[in-house]
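Residue-level structural notes
What follows is each chain in one-letter form.
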Amino acid sequence: MAKVLVFIDNPGASLKKSSLELLTLARSLGECTVAVNGDLSDGVAAGFAEYGVGSVLRPSVQDLNDYLVAPKAAYVAAAAETSGAGIVLLDNSPEGKEIAARVGIRLNAGVITDVVAVDPDGTAHKSVLAGSYNTACKATTPVSVLTLKANNVTPEPAPAPTTPEIATVDVPNVAAAARITAREQKVASGRPDLTDARIVVAGGRGMDGDFGPVEELADALGAAVGASRAATDAGWISHDAQVGQTGKTVSPQLYISAGISGAIQQKAGMQTAKVIVAVNKDAESPVFEIADFGIIGDVFEVLPQATAEIKKRKG
Amino acid sequence: MKIVVLVKHVPDAQFDRHLSGEGNTADRDESILSELDEYALEAALQLAEARGGSKAGNQVIALSMGPDGAVNAVKKSLQMGATEGVHLTDDALAGSDAAATSLALAAAVRHLGDVDLVITGMASTDGETSLVPAQLAERLGLPQVTFASTLEVDGGRLTARRDADTSSETVEAPLPAVVSVTDQINEPRYPNFKGIIAAKRKSITTLSLADIGVDPSQVGFAGSWTSVASAEQRPPRTAGTIITDEGDAGIKLVDFLAAQKLL
């Protein structure tokens, strides 16, 4: 049976949904070992048991968080060698992809990012060129390193829980790495992360400086807030919210586009959403060409009305 | 200071883009300098100018790997103000994945001698994998500072700010280093008339794999560690129901969401 290594970075008190997706996929491919960085809390250990993890590896050094990428990659590569993994799975965050990149070089392994599904033979599926092609690709090397996009696997606990063994992996010394000298936590919005969110409400130029209606609709739906580049460049909302070619690509169940015309780069960020809703007062907006449900109307009337209606129905 | 900027000639994202031919690689007609690489070049030019520019011996070398057309990315970089251009081109490079690309680029950077900084964009706008900067750093044994939204160099050290979803980090690294920059770092300049004229006098060095000591079997389809088995054009999304607001569109929107079981 294939051996699969999953890397989970600083899980905190309990496993995130994207981590549960990684563990579920890993179990479908073979015997799962987790390499964890950071504290192994009781909640996380219980999650590993519930998701059928065979063994848990921890790094021999405690300061991986003080450096950028390189030492974490050295740890993951060492963990892959220790566990004899043929497949290494990581999340598709920017840091996850960079760790994967360096692990690939350390293990002479092909790296595939933005993966949405993996066949039992290791063939990975992803979409490229802004969602316009679906491709099947495979590493031609003995080991493959894959980063999985969130929201593509339904988390499922193992049929029977396991009692994972815990072992330590010696982390090789990395001569040159950038040191993190300060870290400033951003104020938590209480909303889901944009890349993992099941629902995204995004606003654009048509919001005219006022993201209030977008945020209120997002909160009523339990959604993340996104924005077009025009809106972030105008300073109406933080750059972190940018969806599209130079921002984040999202693939939620539902994407609500408000006041966004839908130029090709903007479509790029939303094309793989399951359902697209668009609200724009310009009937000629390209976004209507791809919307499942389009409303030609004023965002400042339609969004608040929808928010009020959702609140009413939810009681 | 000697700064190498990686510049890529990519299909223009303003138009529909296609995969074609052997290995399903991107069709490179209608290609331009990757928009995200302009930020990298601007960052390099600002660092060089702050140190007295080329008169004080600062070099900004635009390096592009790719077929004949890729030289256009180098030309545009020279027009913007790069001091030298290098075009790494060889038929054997076609089809290189990130691993093979980083191998060839690492060899080209070594060939250029003592480089203080390699600056790249945050991703290419065609492959969009963001793998190459990190793989290049690993191959060169250098620290990487990726997704930098600010960049300062003082003596032999660089300081940058990097924004993640939940935190912002300040990072420091000794030179030489590999840096990738986001589109938040600066506002790239347009080439002006003087720059366009000056670029005609600047030389572009063409390098082959033999020049940089890379065996053809290490790159291209042969040297890649991943292969694309199939590519299918996604059926275009078709328009669904479009309505015009008559005062109740918000309620109709909620009806639609309820029918789709999305509430």
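Residues numbered from 1 in each chain as written. Chains lettered and ligands numbered in written order. Predicted model: local features only at pLDDT ≥ 70, side-chain atom pairs only at ≥ 80, totals over all residues. Heavy atoms only, no water.

Before going further, it helps to spend a moment on the overall build of chain A. Looking only at helices and strands, chain A features 8 helices and 15 strands. At 21 Å, chain A has a C-alpha radius of gyration in line with the 20 Å of a compact globule built from 315 residues. By its C-alpha atoms, chain A is 60 × 40 × 40 Å across when sized along the principal axes. Every one of the 315 residues in chain A was classed for burial, and the buried ones make up 59%. A separation of at least 24 residues holds for 65% of the contacts in chain A among residues at least 6 apart in sequence. Roughly 12,100 Å² of accessible area belongs to chain A as shown, and the carbon and sulfur atoms make up 49% of that amount. Computing the positive centroid from 27 side-chain charges and the negative centroid from 35, chain A places the two 1 Å apart. (Helix = DSSP H or I, 4+ residues; strand = E, 2+ residues; numbered from the N terminus. Rg over C-alpha atoms; globule rule 2.2 N^0.38 Å. Buried < 20%, exposed > 50% of the residue type's maximum accessible area, 1.4 Å probe, protein only. Contact = heavy atoms within 4.5 Å. Areas by Shrake-Rupley, 256 points an atom, 1.4 Å probe, with all protein chains shown as cover. Lys, Arg positive; Asp, Glu negative; His and termini not counted. Charge placed at Lys NZ, Arg CZ, Asp CG, Glu CD.)

One open sheet holds the 10 strands; their spatial order is S10(A)-S11(B)-S10(B)-S9(B)-S12(B)-S8(B)-S1(B)-S6(B)-S7(B)-S13(B), and the pairing between them is mixed. For this open sheet the edge positions go to strand S10 (179-185) of chain A together with strand S13 (204-207) of chain B, each flanked by a neighbour on one side alone. Along the sheet, successive strands turn relative to each other by an average axial angle of 30°, direction set aside. Pairing analysis gives 4 bridges linking strand S7 (residues 84-88) of chain B to S13 of chain B, with the strands arranged parallel. (Pairing = 2+ DSSP bridges. Axes fitted to C-alpha atoms, helices over the stretch in contact; angles between N-to-C directions.)

This paragraph deals with the packing of helix H1 (residues 35-50) of chain B against helix H2 (residues 71-80) of chain B. All names here are of chain B. Orientation of H1 relative to H2, taken along the N-to-C sense of each, is 35°, at an axis distance of 11 Å. H2 is crossed by H1, and the crossing has right-handed handedness. Taking contact as the criterion, the partners of Glu38, Leu41 and Leu45 in H1 are, on H2, Lys76, Ser77 and Met80. Within the contact of H1 with H2, the residues separate by chemical class into 3 nonpolar, 1 polar and 2 charged. (Left-handed = near helix turned anticlockwise from the far one by under 90°. Nonpolar A, V, L, I, M, F, W, Y, C, P; charged D, E, K, R; others polar.)

Bringing the packing of aromatic side chains into the picture now. Taken as a whole, this structure holds 2 aromatic pairs over all chains when the rule is applied. For the ring pair phenylalanine 7 of chain A and tyrosine 75 of chain A, a centre distance of 6.3 Å and an interplane angle of 75° mean the geometry is edge-to-face. Here phenylalanine 7 of chain A, found in strand S1 (residues 3-9), pairs with tyrosine 75 of chain A, found in helix H3 (residues 70-83); they are 68 residues apart in sequence, far enough to count as distant. You'll find phenylalanine 7 of chain A and tyrosine 75 of chain A in the same group, each marked buried. With a centroid separation of 4.7 Å and 10° between ring planes, the pair formed by phenylalanine 293 of chain A and phenylalanine 256 of chain B is classed as stacked. In this pair, phenylalanine 293 of chain A sits in strand S15 (residues 293-296) while phenylalanine 256 of chain B sits in helix H8 (residues 249-259), so the two residues belong to two different chains. For the pair formed by phenylalanine 293 of chain A and phenylalanine 256 of chain B, the shared burial category is buried. (Phe/Tyr/Trp six-rings, centres within 6.5 Å; stacked < 30°, edge-to-face > 60°.)

For chain A, per-residue confidence averages 91 on the pLDDT scale, and 97% of positions sit at 70 or higher. Ranking the helices and strands of chain A by mean pLDDT puts strand S3 (residues 55-59) of chain A first, with 98, and helix H7 (residues 264-270) of chain A last, with 68. (pLDDT = per-residue confidence, 0-100.)

What follows concerns the sheet that holds strand S8 (residues 144-148) of chain A. The sheet built from 10 strands is open, its strands ordered S9(A)-S3(A)-S2(A)-S1(A)-S4(A)-S8(A)-S5(A)-S6(A)-S7(A)-S14(B) with mixed pairing. Of all strands in the sheet, those with a lone pairing partner are strand S9 (165-169) of chain A together with strand S14 (226-233) of chain B, marking the two edges. Direction aside, neighbouring strands of the sheet carry axes that sit 35° apart on average. Here 7 bridges tie S1 of chain A to strand S2 (residues 31-37) of chain A, and the two strands are oriented parallel to one another. Counterpart to valine 4 of chain A in the pairing with S2 of chain A is cysteine 32 of chain A.

Now for the pattern of salt bridges. Scanning all chains against the criterion turns up 21 salt bridges over all chains. Among the salt bridges present, the one from aspartate 183 of chain B reaches arginine 229 of chain A, with a minimum N-O distance of 3.7 Å. Taken together, the residues span two chains, with aspartate 183 of chain B in the loop between strand S12 (177-181) and helix H5 (193-201) and arginine 229 of chain A in helix H6 (residues 229-233). Under the relative-accessibility criterion, arginine 229 of chain A is labelled partly exposed at 22%. In this structure, arginine 313 of chain A and aspartate 255 of chain B form a salt bridge, with 2.5 Å as the shortest nitrogen-oxygen distance. Taken as a pair, arginine 313 of chain A in helix H8 (residues 299-314) and aspartate 255 of chain B in helix H8 lie in two separate chains rather than in one. Overall, the relative accessible area of 37% leaves aspartate 255 of chain B in the partly exposed class. (Salt bridge = Lys/Arg side-chain N within 4 Å of Asp/Glu carboxyl O.)

What follows deals with the interface of chain B and chain A. Across the contact, 79 residues belong to chain B and 86 residues belong to chain A. Carbon and sulfur atoms supply 55% of the area buried between chain B and chain A, which totals about 7,100 Å² over both sides. For the interface between chain B and chain A, the tally reads 7 salt bridges. In this structure, the salt-bridge partner of arginine 229 of chain A is glutamate 35 of chain B, at a minimum N-O distance of 3.0 Å. Counting across the interface, chain B meets chain A through 31 residue pairs in polar contact (both at pLDDT 80 or more). Of all elements in the fold, only H1, helix H4 (131-140), strand S9 (144-154), strand S10 (157-163), strand S11 (167-174), S14, strand S15 (241-244) and H8 of chain B reach the threshold of two or more residues within the side of chain B that touches chain A. With 10 residues, the single largest contributor to the side of chain B that touches chain A is H8 of chain B. Two strands pair when backbone bridges link them, and S15 of chain A and S15 of chain B are joined in this way by 4 bridges, in the parallel orientation. (Buried area = accessible area lost by both parts, 1.4 Å probe. Polar contact = N/O pair within 3.5 Å; in protein donor to acceptor, adjacent residues only side chain to side chain.)

What follows concerns helix H1 (residues 17-29) of chain A. All names here are of chain A. Compared with an ideal rise of 1.5 Å per residue, which puts 13 residues at 18 Å, H1 spans 19 Å between its outermost C-alpha atoms and is within 8% of the ideal. In terms of burial, H1 is largely enclosed, as 10 of its 13 residues are buried. When we look at burial in H1, the residues that qualify are Ser18, Ser19, Leu20, Glu21, Leu22, Leu23, Thr24, Leu25, Ala26 and Leu29. Taken together, the buried residues of H1 touch S1, S2, helix H2 (42-50), strand S4 (87-91), strand S5 (110-118) and S8. (Expected span 1.5 Å × (residues − 1).)

On the accessibility criterion, aspartate 183 of chain B (5% relative accessible area) is buried. A polar contact is formed between the side chain of aspartate 183 of chain B and the side chain of glutamine 184 of chain B, at a distance of 3.4 Å.

Turning our eyes to something else, we now look at the packing of H8 of chain A against H8 of chain B. Two elements in contact, H8 of chain A and H8 of chain B, have axes separated by 7 Å at closest approach and are oriented at 50°. Taken together, H8 of chain A and H8 of chain B sit at an angle that is classed as oblique. Crossing of H8 of chain A against H8 of chain B: the hand is right-handed. Of the residues in H8 of chain B, those touching H8 of chain A at Val302, Gln305, Ala306, Glu309, Ile310 and Arg313 of chain A are Ala249, Gly250, Ile251, Leu253, Val254, Asp255 and Ala258 of chain B. Residue composition of the contact of H8 of chain A with H8 of chain B, by class: 8 nonpolar, 2 polar and 3 charged. (Parallel < 35°, antiparallel > 145°, perpendicular 65-115°, else oblique.)

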